[in-house]
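Coordinate inspection notes
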Amino acid sequence: MSTENRKPKTENGFKTGHIALIGLPNVGKSTLLNKLVGEKLSITSPKPQTTRHRLLGIVNRPGAQLLYLDTPGVLEPKGQLNQSLVQAALSALAAADVVVWLVEPRPPDPRDPVLLPHLQQLSQPLIVVINKIDLISKPKLLPLMEAYHQLFPQAPVIPVSALLGDGLPELEAEIIKLLPVGEPIYPEEQITEQTERFLATELLRERLLHHLGEEMPYAVAVLIEEFDESRRPDLVSIRAVIYVERESQKGIVIGKKGQMLKTIGQEARGEMESLLGCRVYLDLWVKVWKNWRKDPKALRLLGYQT
Ligand SMILES: Nc1nc2c(ncn2[C@@H]2O[C@H](COP(=O)(O)OP(=O)(O)OP(=O)(O)O)[C@@H](O)[C@H]2O)c(=O)[nH]1
Ligand SMILES: [Mg+2]
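Further remarks concern the sheet that holds strand 3 (residues 64–70). Taken in spatial order, the six strands line up as 2-3-1-4-5-6 in an open sheet, and their pairing is mixed. With partners counted over all chains shown, the strands left at the sheet margins are strand 2 (55–61) and strand 6 (157–159), one partner each. Neighbouring strand axes in the sheet, compared pairwise and without regard to direction, differ in orientation by 25 degrees on average. Of the pairings in the sheet, the one linking strand 1 (residues 15–22) to strand 3 comprises seven bridges and is parallel in character. From the neighbouring strand, isoleucine 19 faces strand 3, where its bridge partner is tyrosine 68.

The environment of ligand 1 is formed by 23 residues, the closest being Lys29, Thr31, Gln49, Thr50 and Asp134. Between an oxygen atom of ligand 1 and a side-chain N or O atom of lysine 29, the distance comes to 2.7 Å. A distance of 3.0 Å separates an oxygen atom of ligand 1 from a polar backbone atom of alanine 162. Calculation on ligand 1 without its partners gives an accessible area of 660 Å², and the protein chains cover 90% of this total. Per-class residue counts for the shell around ligand 1 are seven nonpolar, twelve polar and four charged.

For the structure on display, the rule yields 14 salt bridges. A single network of salt bridges, built from pairs that share partners, joins Lys40, Glu206, Arg207, Glu267 and Glu271.

To continue, consider the coordination of the magnesium ion (ligand 2). Donor atoms from the polypeptide that bind the magnesium ion (ligand 2) are Ser30 (OG) and Thr51 (OG1), placed at 2.0 to 2.1 Å. Of the two residues, serine 30 is situated in helix 2 (residues 29–37) and threonine 51 in the loop between helix 2 and strand 2; the sequence distance between them amounts to 21 residues. Accessibility classification places serine 30 together with threonine 51 in one group, the buried group.

The biggest cluster of nonpolar side chains holds 32 residues, and the ones touching the most others in it are Val99, Trp101, Leu119, Leu126, Val128, Tyr148 and Phe152. Taken together, the elements giving at least two residues each to this core come down to strand 1, strand 2, strand 3, helix 3 (80–95), strand 4 (98–103), helix 4 (115–120), strand 5 (126–130) and helix 5 (138–151). Per-element accounting of this core gives the leading share, five residues, to helix 3. In terms of nonpolar packing, the next biggest core, distinct from the first, is built from 27 residues, Val129, Ile158, Leu168 and Leu179 among them.

By a widespread convention, an interface's size corresponds to the accessible area lost as its parts come together. Domain boundaries in the protein chain define domain 1 (3–178) and domain 2 (196–301). Each partner contributes residues to the interface: domain 1 has 15 residues there, and domain 2 has 21 residues. Taken over both partners, the interface formed by domain 1 and domain 2 buries close to 1,500 Å², and the fraction arising from carbon and sulfur atoms is 56%. Together, Ile43, Lys47 and Arg52 form the three largest contributors to the area buried by domain 1 at its contact with domain 2, with a combined 41%. Across the contact surface, domain 1 and domain 2 share two salt bridges. Between lysine 40 and glutamate 271 there is a salt bridge whose closest N-O contact spans 3.3 Å. For the interface between domain 1 and domain 2, the tally reads seven residue pairs in polar contact (both at pLDDT 80 or more).

Conventions used here
- Residues numbered from 1 in each chain as written.
- Chains lettered and ligands numbered in written order.
- Predicted model: local features only at pLDDT ≥ 70, side-chain atom pairs only at ≥ 80, totals over all residues.
- Heavy atoms only, no water.
- Pairing = 2+ DSSP bridges.
- Helix = DSSP H or I, 4+ residues; strand = E, 2+ residues; numbered from the N terminus.
- Axes fitted to C-alpha atoms, helices over the stretch in contact; angles between N-to-C directions.
- Near = heavy atom within 4 Å.
- Polar contact = N/O pair within 3.5 Å; in protein donor to acceptor, adjacent residues only side chain to side chain.
- Areas by Shrake-Rupley, 256 points an atom, 1.4 Å probe, with all protein chains shown as cover.
- Nonpolar A, V, L, I, M, F, W, Y, C, P; charged D, E, K, R; others polar.
- Salt bridge = Lys/Arg side-chain N within 4 Å of Asp/Glu carboxyl O.
- Donors = N, O, S within 2.8 Å, 3.2 Å for Na, K, Ca; no water.
- Buried < 20%, exposed > 50% of the residue type's maximum accessible area, 1.4 Å probe, protein only.
- Core = buried A, V, L, I, M, F, W, Y, C linked by side-chain atoms within 4.5 Å.
- Domains from an automatic or database assignment.
- Contact = heavy atoms within 4.5 Å.
- Buried area = accessible area lost by both parts, 1.4 Å probe.

This is how it looks when you write it as structure tokens:
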């Protein structure tokens, strides 16, 4: 290594820091994280409360290392699962050097009871990001930006479309401006801290969200019981359990003659094979765990509570 390389990067003003992506469920936080990182790390769906964990996505630029934290959408914390989701989001706020508040292209609701008080007391810089601008006409955008500016006069307001990628270079530039000077924390080739096992679990949950009706997503949880890598690079063998809350839901997940489970399994296996870069054998089980969302033991086992 040359002496040049050993010099602290901060001498040249290198910046490193955590950026929390927070907001209501379904505003597009995970879509934005994936677009910013350039990899599908976080699962997304049209159904609210898709994300259940805090998740790190790393971006390296010549002058900065950006550590994005995706978070569960923040709602009133009713019920034990919701409480742990809100906790995950607030923990990201506490860890953040810059906070990105993602909103729908709608006027702000100053009564938002959960997030606004936290945002009003932030000690870190805030950026307001109006997402999904592909859904509104241009003339509607300026008044919206003005309304958010009124609410947080110090914060830049940046319109984006996470789906199309519009506005993301501007957002990144604004974030880098606000990040503190610091040495990179992660090696350059690393893009997340999440394990392959975790990402595989999430891919299966995403396929479930995609195929199941409106009510079901909340009732479903996934646990990978076995992740056997002994035959890698040829094959990874995975045994996963899909937990539901009631017997009737088990029937829905399995479907007529097992067709639903078969489709979900095939799609999840395909996604896992792309993730792991090898063949995957996926053994799926559906089990009832009565009211798992209220059971601290289940919440711990599923990684929703520590
Ligand atoms: N039209 C449009 N749709 C978007 C955009 N960004 C996200 N979406 C859609 O909005 C829905 C929710 O996206 P997610 O990224 O899962 O939202 P989230 O904020 O992570 O949601 P939770 O994890 O439930 O809090 C998905 O159907 C996305 O395709 C956008 O810029 N434009
Ligand atoms: Mg999400």
